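# Structure assessment
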2 protein chains.
Amino acid sequence: VFVSYVNVLVVRWKGDEIVTFCASIGVLDSGVGGLTVVREMFRQIPQENVIYYGDTARCPYGQREPEEVRRFTFEIMDFLMEQGVKMIVIACNTATAIALNEARVRYSVPVVGVITPGSRAAISATANGRIGVIGTEVTIRSEAYVKEILRINPDLYVRGKACAEFVPIVEAGLSDDPSVYRIVDESVQDFRADEVDVLILGCTHYPLLQSMIARSLGPCVQLINSAEETARDVSAVLSERGLLNQNNSQANHRFCVSGHLERFEAVGREWLQRHITVECVKLD
Amino acid sequence: VFVSYVNVLVVRWKGDEIVTFCASIGVLDSGVGGLTVVREMFRQIPQENVIYYGDTARCPYGQREPEEVRRFTFEIMDFLMEQGVKMIVIACNTATAIALNEARVRYSVPVVGVITPGSRAAISATANGRIGVIGTEVTIRSEAYVKEILRINPDLYVRGKACAEFVPIVEAGLSDDPSVYRIVDESVQDFRADEVDVLILGCTHYPLLQSMIARSLGPCVQLINSAEETARDVSAVLSERGLLNQNNSQANHRFCVSGHLERFEAVGREWLQRHITVECVKLD
């Protein structure tokens, strides 16, 4: 049983005892990719509690039917709401492209996605007005980035490309494997001829392949990691809504996955530079 | 007569005609300083309409009684609300320190201030954990920056200093005057002995003195101009609230002041790199 008080304080009965704690920020992704956003949140708003859900058993989302992605996303958001979160971050480009607008109507807490922050950073960064985007098939087919960028500035050139193999590579923990470089290099080579000066990593898994992508495209193409920009948005919205954690005690985080614990723990430890405890929570 | 439709579209009767237009973002300052925020907004969210109010006749706010600053701020915000704005930016540190929390309760539109964004940028930027803040007397006495920074990270050292002469210098259009350098240099020299590695320009007028401050403190002290960070917050909040302008027509801006038109026009032209038309609007 829980009572949420203006979305900031959560009160729970634990047997006979009453426990109060500061509400967490819910973060969801199809797998480990959203940890890139969490890392930035730890750096920018270290006092905030985070509860993360990685749907590793059903990952990748990027080649699924939009209706299925929508259903999975709302299943996870329902679970996060039951934990009494004060905000939800859809740290998955595919889920953002499909479900963000509906989620904002459906849930009472603020919902932040990853596409607008990344688009904004790309527009700031480009000098020649030519922007590339890589993402999953669903994200690229939705044209969410193209629409968002052209809405802000219709004079820009934007070209998207689906890189279906990247998420399975990252989820399998192969980000450092030299044999992966050939796949990465082939996937992004079109952008060289295209003379883009900015490439959006339009999937939160891709920052884990960032050094290979950078090596392939060279120093003239700036890579946009939307994780940093998204964490800034989270901080801005918390502040404007009066939802920043006022409590200075040690932050408390939870990590939940639907699949294997060990692989997620290993990526989490490596990426967040700290030990994390992972719970298995099945939603379907 | 006007009707505001979910704060995005404004409908006005002009004689027999009905005119609809996209709601503006209201920006207020005691004078010209808030133009530093407007310049960043023009760069980051160029499709948004802005209505600016500079209370130049009653400037500076920084040495007034808090109750007076509060009253002036709400007078201006009431005026902006009458224009059908969809958001208000308090682009004045003094007014933010005094009136932000109350304004968020008082008005139905989102209200963004300048203190949290600047604090956040300073925390990200410091390497040695020592932060300086310069601002008006009211801002420094309110300790708004110190409280905000220590709330996010209680382990930092923060020292504030009031620079009462800076706003009058900027409002008089003397930002480029070599004789001003001595005043600037004397005002900030304490921070050298203090070994801060970050100095927050805690007044939106101060970026107009930025090059002199930088010359005085040298390259080891990074200056934080909260204007850029504030514009990002505006963009994040608009996006999260679904208030971004969807209309791609040329943006339309209004500039209103309570004092002299010519001086404001000159600073505006110089700072925004475009011609602006200024109206005189008295509120008291």
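Residues numbered from 1 in each chain as written. Chains lettered and ligands numbered in written order. Predicted model: local features only at pLDDT ≥ 70, side-chain atom pairs only at ≥ 80, totals over all residues. Heavy atoms only, no water.

### What to know about the overall build of chain A
Formally: Runs of H or I in DSSP of at least four residues are treated as helices and runs of E of at least two as strands, each being numbered from the N terminus. Restricting the calculation to C-alpha atoms gives the radius of gyration, and the globule rule supplies 2.2 Å times the number of residues raised to the power 0.38. Contact definition: two residues touch when any of their heavy atoms are within 4.5 Å. Throughout, the Shrake-Rupley method with a 1.4 Å probe supplies accessible areas, and for residues the shown protein chains are the sole cover considered.
For chain A, the helix and strand inventory stands at 12 helices and 13 strands. Its C-alpha atoms give chain A a radius of gyration of 19 Å, within 12% of the compact-globule value 19 Å for 284 residues. Its C-alpha atoms give chain A principal-axis dimensions of roughly 65 × 40 × 35 Å. Across chain A, every contact between residues at least 6 apart in sequence was considered, and the portion connecting residues at least 24 apart equals 72%. Accessible surface computed for chain A: about 11600 Å², of which carbon and sulfur atoms make up 48%.

### Some details on the interface of chain A and chain B
The cut-off we apply is this: Accessible area that two parts lose when put together, with a 1.4 Å probe and added across both, is what the buried area reports. For this analysis, a salt bridge means a side-chain nitrogen from Lys or Arg found within 4 Å of a carboxyl oxygen belonging to Asp or Glu. Polar contact criterion, stated in full: a pair of N or O atoms within 3.5 Å, where within protein one must be able to donate a hydrogen and the other to accept it, and residues adjacent in sequence count only if both atoms are side-chain atoms. For this classification, Asp, Glu, Lys and Arg are treated as charged, while Ala, Val, Leu, Ile, Met, Phe, Trp, Tyr, Cys and Pro are nonpolar and the rest, including Gly, are polar.
Facing the 28 residues of chain A at the interface are 29 residues of chain B. For the pair chain A and chain B, the summed buried surface comes to about 2400 Å²; carbon and sulfur atoms form 41% of the total. Broken down residue by residue, the surface that chain A buries against chain B is led by Arg 151, Arg 232 and Glu 240 of chain A, which jointly contribute 28%. At the surface where chain A touches chain B, the tally comes to four salt bridges. On the surface where chain A and chain B come into contact, there are 10 residue pairs in polar contact (both at pLDDT 80 or more). A total of eight residues in the side of chain A that touches chain B trace back to one element, the largest contributor, which is helix H11 (residues 226-240) of chain A. Along the lines of polarity and charge, the residues of the side of chain A that touches chain B split into 10 nonpolar, eight polar and 10 charged.

### What about the environment of Trp 13 of chain B?
Relative to the helices and strands, Trp 13 of chain B is located in strand E2 (residues 9-14). Taking the C-alpha atoms as reference points, Trp 13 of chain B and Ala 162 of chain B, 149 residues apart in sequence, are found 47 Å from one another.

### Examining the side chain of Asp 197 of chain A
Residues and elements named next belong to chain A. Under the convention used in this document: Buried residues are those whose accessible area, probed at 1.4 Å on protein chains only, stays under 20% of the maximum for their type, while exposed residues exceed 50% and partly exposed ones sit between those limits. A positive count includes Lys and Arg, and a negative count includes Asp and Glu. His and the chain ends are not counted in either.
One can find Asp 197 in the loop between helix H9 (190-193) and strand E10 (198-201). No salt bridge is formed by the buried Asp 197; the nearest opposite charge belongs to Arg 130, separated by 7.9 Å. Side-chain polar atoms of Asp 197 contact the backbone nitrogen of Asn 128, separated by 3.0 Å. Ignoring any residue separated from it by four or fewer positions in sequence, one finds Asp 197 in contact with Thr 126, Ala 127, Asn 128, Arg 130, Cys 220, Val 221 and Gln 222.

### Some points on the relation of the copies chain A and chain B
We apply this condition: Superposition of the copies used a least-squares fit over C-alpha atoms from residues whose pLDDT is at least 70 in both.
The two copies are related by a screw operation: chain A maps onto chain B through 180° of rotation and 0.0 Å of translation along the axis, at an RMSD of 0.0 Å. The transformation relating the two chain copies, once decomposed into turn and shift, fits a two-fold axis. Minimal C-alpha separation from the rotation axis in chain A is found for Val 237 of chain A, amounting to 2.8 Å. Mapped onto chain B, 100% of the interface residues of chain A are again interface residues, and the two copies thus contact each other with one and the same surface.

### Here we look at the sheet that holds strand E11 (residues 222-225) of chain A
All names here are of chain A. Worth spelling out the cut-off: Note on pairing: two strands pair once DSSP finds at least 2 bridges between them. Helix axes are fitted to C-alpha atoms over the stretch in contact, other axes to C-alpha atoms as well, and angles between N-to-C directions run from 0 to 180 degrees.
Pairing in this open sheet of four strands is parallel, and the strands run E9-E8-E10-E11 from one edge to the other. Looking at the sheet topology across the chains shown, the edges are occupied by strand E9 (157-162) and E11. Strand-to-strand twist across the sheet, computed as the mean angle between neighbouring axes with direction ignored, equals 25°. Pairing geometry for E10 and E11, over four bridges, is parallel. Bridging across to E11, Ile 200 finds its partner in Ile 224.

### Side note on unusual backbone geometry
Omega for the bond connecting Cys 59 of chain A with Pro 60 of chain A falls within 30 degrees of zero, at 0°, which places this linkage in the cis form. Here Pro 60 of chain A is to be found in the loop between strand E5 (50-54) and helix H2 (66-82). We note that Glu 143 of chain A has phi near 55°; this positive angle belongs to a residue other than glycine. By secondary structure assignment, the location of Glu 143 of chain A is in the loop between helix H5 (137-142) and helix H6 (144-152). One non-glycine residue, Glu 195 of chain B, adopts positive backbone phi at about 55°. Tracing the backbone shows Glu 195 of chain B in the loop between helix H9 (190-193) and strand E10 (198-201).

### Some words on helix H10 (residues 210-217) of chain A
Residues and elements named next belong to chain A. Rules: As used here, the arc is the angular range of directions from the helix axis to the C-beta atoms.
Those residues of H10 lying buried are Met 212, Ile 213, Ser 216 and Leu 217. Around the axis of H10, the buried residues are gathered within 120° of arc, so they sit on the same side. Every exposed residue of H10 that faces more than 90 degrees away from the buried side is listed here: Ser 211 and Arg 215. Residues of H10 that are buried sit in contact with strand E8 (130-135), helix H7 (166-171), helix H8 (180-188), H9, E10 and E11.

### Some remarks on the pattern of salt bridges
Residues and elements named next belong to chain B. If you walk through the whole model with that rule in mind, you get 42 salt bridges over all chains. A salt bridge links Asp 284 to Arg 58; the shortest N-O distance between them is 3.9 Å. Placement of the pair is Asp 284 in the segment after strand E13 (278-280) and Arg 58 in the loop between strand E5 (50-54) and helix H2 (66-82), with a sequence separation of 226 residues. Classification of Arg 58 by relative accessible area gives buried; the value is 9%.

### Here's the deal with the sheet that holds strand E8 (residues 130-135) of chain B
All names here are of chain B. As summarised here, the arrangement of the four strands in space is E9-E8-E10-E11, forming an open sheet in which the pairing is parallel. At either margin of the open sheet sits one strand with a lone partner, and together these are strand E9 (157-162) and strand E11 (222-225). Between one strand axis and the next, the sheet turns by 25° as a mean value, whatever way the strands run. Those strands touched by helix H6 (residues 144-152) are E8, E9 and E10, and its axis lies near 165° from that of E9.

### Structural notes on the side chain of Arg 232 of chain B
As for its position among the elements, Arg 232 of chain B is in helix H11 (residues 226-240). Sequence-distant contacts of Arg 232 of chain B, that is, excluding residues within four places in its chain, are made with Arg 120, Glu 229 and Arg 232 of chain A together with Gln 44 of chain B.

### What to know about the packing of H2 of chain A against helix H3 (residues 93-106) of chain A
All names here are of chain A. The criterion, for reference: Any angle from 65 to 115 degrees is called roughly perpendicular, while one under 35 is roughly parallel, one over 145 is roughly antiparallel, and all others are oblique. Each helix crossing is assigned a hand: it is left-handed if the near helix lies turned anticlockwise from the far helix by less than a right angle, otherwise right-handed if that turn is clockwise.
Their axes nearest at 9 Å, the elements H2 and H3 cross at an angle of 55°. Compared by their axis directions, H2 and H3 come out oblique. For the element pair H2 and H3, the recorded crossing hand is right-handed. Taking contact as the criterion, the partners of Pro 66, Val 69, Arg 70, Thr 73, Phe 74, Met 77 and Asp 78 in H2 are, on H3, Thr 94, Ala 95, Ile 98, Ala 99, Glu 102, Ala 103 and Arg 106. Considered class by class, the residues forming the contact of H2 with H3 number eight nonpolar, two polar and four charged.

### Observations concerning helix H4 (residues 115-125) of chain A
The buried fraction of H4 of chain A is high, at nine of 11 residues. Buried within H4 of chain A we find Ile 115, Thr 116, Pro 117, Gly 118, Ser 119, Arg 120, Ala 121, Ala 122 and Ile 123 of chain A.

### Section: the packing of aromatic side chains
All names here are of chain A. Convention followed: Within 6.5 Å between ring centres, the rings of Phe, Tyr and Trp (the latter by its six-membered ring) count as paired, and their orientation is classed by plane angle as stacked under 30 degrees, edge-to-face over 60, tilted in between.
All told, the structure shown has 14 aromatic pairs over all chains when counted by the stated rule. Measuring from ring centre to ring centre gives 6.1 Å for Tyr 52 and Phe 255, while their planes differ by 40°; the resulting arrangement is tilted. Taken together, the positions of Tyr 52 in strand E5 and Phe 255 in strand E12 (residues 254-257) put the pair 203 residues apart, joining distant regions of the chain. Summarising the burial analysis for this pair, Tyr 52 and Phe 255 share the class buried.

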